[in-house]
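# Per-entry structural report
In case you want the letters, here they are:
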Protein chains: 2
Amino acid sequence: MPMSRGFGPMWWHGRFRGCGYRVTVPREAILDMLSKSDKHLSAEDIYMKVHTRYPAIGLTTIYRTLDILANMGLIFKFDFGDGRARYELVEGPKGKMHHHHLICTSCNRIIDYTDFIDDEVELLKRTEKGLLKKYNFKITNHLIQFYGLCEKCQKKGGD
Amino acid sequence: MPMSRGFGPMWWHGRFRGCGYRVTVPREAILDMLSKSDKHLSAEDIYMKVHTRYPAIGLTTIYRTLDILANMGLIFKFDFGDGRARYELVEGPKGKMHHHHLICTSCNRIIDYTDFIDDEVELLKRTEKGLLKKYNFKITNHLIQFYGLCEKCQKKGGD
DNA sequence: ATTGATAATGAAAATCGTTTTCAATAAGGA
DNA sequence: TCCTTATTGAAAACGATTTTCATTATCAAT
Ligand SMILES: [Mn+2]
Ligand SMILES: [Mn+2]
Ligand SMILES: [Zn+2]
Ligand SMILES: [Zn+2]
């Protein structure tokens, strides 16, 4: 199952058409590229990768497509504070879902983790409940990022 | 104690000189302005406020000063995802310290909270310890932001 | 108080990621 | 196939931030 990841060929065609969007070469190329990467790619990263096979596809279309995909909930859009947005495929209910990030401040490596330790889930539930009571603030989403040093950079002497 | 907040007049003069920085009118004006606000101000917000009293101070200097202040640890620099950085005074060990944010996705109101609910700090520590064990990642800092609807916007019907 | 080295400044230009404009193209229902 | 119109790519525009550079102001040494 090369570029469909077991969901059937072009499983997102239905989603696209259902939203009134047309299925185009650039959109297929971008989605296919994303499905083959597990990295946190910037628009330009994606542009360059796609460009090797489809030199005609412009950066503008990359941005427009990423915007649509993010709004459709097919990709996540993150901001790690380096001035450029980063994108990654959601991959549906089977694959990677909501997750948090460990960001190495030395080498900029980013580690996803979904296998939350029990304490973390507990922390979130209690915190959200407490904040609802204290501020009457209804939480719908959260962003949690831990900054520090990855294994390799600790050995190198931290920088 | 009007513009010194009980730390003695110009308590940061020492910090500045200690870092080899000169004490200048723009720097005093910016720091004084920040000490009188409890908001999350953008560079341009700060520029406009400072500009009413000191029309000669340019936006470039605002950026340069904010950069220094952030590096010195006198102010926090945050990114709430609206494309512009936001700044707020740390206020030393007495006042506001490390805190988390509640961000209303409807009216963009931002609520600080430092009065963590019971166990929140404890749970965070345990989470960090767990992540250290699991990924051997040494956490030095974290960013936690909750998105949702503030009290007012819930009543208005949630956008 | 005066001097002098140089850090700091402001205006303008440059940069950089992203968005908008617009004429040309291509998707897909008829 | 034909036609409507969503989509496209190039170029220009955009907005926040940074850089450049000539001028000014700070402050340690006189
Ligand atoms: Mn991720
Ligand atoms: Mn805050
Ligand atoms: Zn690292
Ligand atoms: Zn609100």
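As the structure is a prediction and not an experimental result, all values here were calculated from the model.

### Concerning the protein's contact with DNA strand C
Near DNA strand C, the surroundings consist of 20 residues, among which Y63 and R84 of chain A together with T24, T61 and R64 of chain B are the closest. At the protein interface, 67% of the atoms of DNA strand C within 4 Å belong to sugar or phosphate. A distance of 3.4 Å separates a phosphate oxygen of DNA strand C from a polar atom in the backbone of I57 of chain B. Take G58 of chain B: an N or O atom from its main chain is 3.3 Å from a phosphate oxygen of DNA strand C. Within the residue set of the surface near DNA strand C, elements represented by two or more residues are α4 (59-72) of chain A together with α2 (25-35) and α4 (59-72) of chain B. Its residues placed into classes, the surface near DNA strand C shows 7 nonpolar, 6 polar and 7 charged.

### With respect to the pattern of salt bridges
All names here are of chain A. Inspection of every chain in the model, using the stated rule, returns 7 salt bridges over all chains. A salt bridge links D45 to R86; the shortest N-O distance between them is 3.5 Å. Residue D45 is located in helix α3 (residues 43-53), and its partner R86 is located in strand β3 (residues 85-89); the two are separated by 41 residues in the primary sequence. Overall, the relative accessible area of 23% leaves D45 in the partly exposed class. You can call R86 buried: its relative accessible area is 16%. Each of D45, D82 and R86 takes part in one network of salt bridges that share partners.

### A word on the packing of aromatic side chains
Under the defined criterion, the tally for this structure stands at 8 aromatic pairs over all chains. Judged by centre distance (5.7 Å) and plane angle (10 degrees), the rings of F78 of chain A and F80 of chain A are stacked. Its relative accessible area of 13% is what places F78 of chain A among the buried residues. Measuring from centroid to centroid gives 6.1 Å for F16 of chain B and Y21 of chain B, while their planes differ by 65 degrees, and the two rings are edge-to-face. The class for F16 of chain B is buried, based on a relative accessible area of 3%. Judged by its relative accessible area of 27%, Y21 of chain B is partly exposed. An aromatic cluster is defined as three or more aromatic residues linked by ring pairs; in this entry it consists of F76, F78 and F80 of chain A.

### Brief notes about the coordination of the manganese ion (ligand 1)
Residues and elements named next belong to chain A. The manganese ion (ligand 1) binds to the protein through H40 (NE2), E88 (OE), H99 (NE2), H101 (NE2) and D112 (OD); the donor distances cover 2.1 to 2.3 Å. Going along the chain, you hit the donors of the manganese ion (ligand 1) in the pattern H-x47-E-x10-H-x1-H-x10-D. Taken as a pair, H40 in the loop between α2 (25-35) and β1 (41-42) and E88 in strand β3 lie far apart in primary sequence, 48 residues in all.

### Let's talk about the domain arrangement of chain A
Residue and element names in this part refer to chain A. According to the domain assignment, chain A consists of domain 1 (1-94) and domain 2 (97-159). Tallying the contact residues gives 9 residues for domain 1 and 10 residues for domain 2. Taken together, the two surfaces of domain 1 and domain 2 that pack against each other cover about 730 Å², and 67% of this comes from carbon and sulfur. Of all residues in domain 1, H40, F78 and F80 bury the most surface against domain 2, accounting for 57% of the area lost on that side. Put simply, domain 1 and domain 2 have 0 salt bridges between them.

### Some points on the coordination of the manganese ion (ligand 2)
All names here are of chain B. Surrounding the manganese ion (ligand 2) are the protein donor atoms H40 (NE2), E88 (OE), H99 (NE2), H101 (NE2) and D112 (OD), at 2.1 to 2.2 Å. Read in sequence order, the donor residues for the manganese ion (ligand 2) give the motif H-x47-E-x10-H-x1-H-x10-D. With E88 in strand β3 (residues 85-89) and D112 in strand β5 (residues 110-113), this residue pair connects regions lying 24 residues apart in the sequence. Residue E88 is classed as buried on the basis of its relative accessible area of 1%.

### Section: the protein's contact with DNA strand D
Every one of the 21 residues lining DNA strand D counts as a neighbour, but T61 and R64 of chain A together with R22, Y63 and R84 of chain B are closest to it. For DNA strand D, the backbone portion of the atoms within 4 Å of the protein, that is sugar and phosphate, comes to 68%. Backbone polar atom of I57 of chain A to a phosphate oxygen of DNA strand D: 3.4 Å apart, as the coordinates give it. For the surface near DNA strand D, the elements supplying multiple residues, two or more each, are α2 and α4 of chain A together with α4 of chain B.

### Observations regarding the interface of chain A and chain B
On the chain B side, the residues contacting the 39 residues of chain A number 37 residues. At the junction of chain A with chain B, the criterion picks out 0 salt bridges. Linking chain A with chain B are 12 residue pairs in polar contact (both at pLDDT 80 or more), by the criterion used here. Secondary structure elements with two or more residues in the side of chain A that touches chain B: β4 (100-104), β5 (110-113), α5 (118-135), β6 (138-149) and α6 (151-155) of chain A. For the side of chain A that touches chain B, the per-class residue count stands at 18 nonpolar, 10 polar and 11 charged. Pairing between β6 of chain A and strand β6 (residues 138-149) of chain B: 11 bridges, direction antiparallel. By the bridge assignment, F146 of chain A is partnered in β6 of chain B with H142 of chain B.

Calculation rules
Residues numbered from 1 in each chain as written. Chains lettered and ligands numbered in written order. Predicted model: local features only at pLDDT ≥ 70, side-chain atom pairs only at ≥ 80, totals over all residues. Heavy atoms only, no water. Near = heavy atom within 4 Å. Polar contact = N/O pair within 3.5 Å; in protein donor to acceptor, adjacent residues only side chain to side chain. Helix = DSSP H or I, 4+ residues; strand = E, 2+ residues; numbered from the N terminus. Nonpolar A, V, L, I, M, F, W, Y, C, P; charged D, E, K, R; others polar. Salt bridge = Lys/Arg side-chain N within 4 Å of Asp/Glu carboxyl O. Buried < 20%, exposed > 50% of the residue type's maximum accessible area, 1.4 Å probe, protein only. Phe/Tyr/Trp six-rings, centres within 6.5 Å; stacked < 30°, edge-to-face > 60°. Donors = N, O, S within 2.8 Å, 3.2 Å for Na, K, Ca; no water. Domains from an automatic or database assignment. Contact = heavy atoms within 4.5 Å. Buried area = accessible area lost by both parts, 1.4 Å probe. Pairing = 2+ DSSP bridges.

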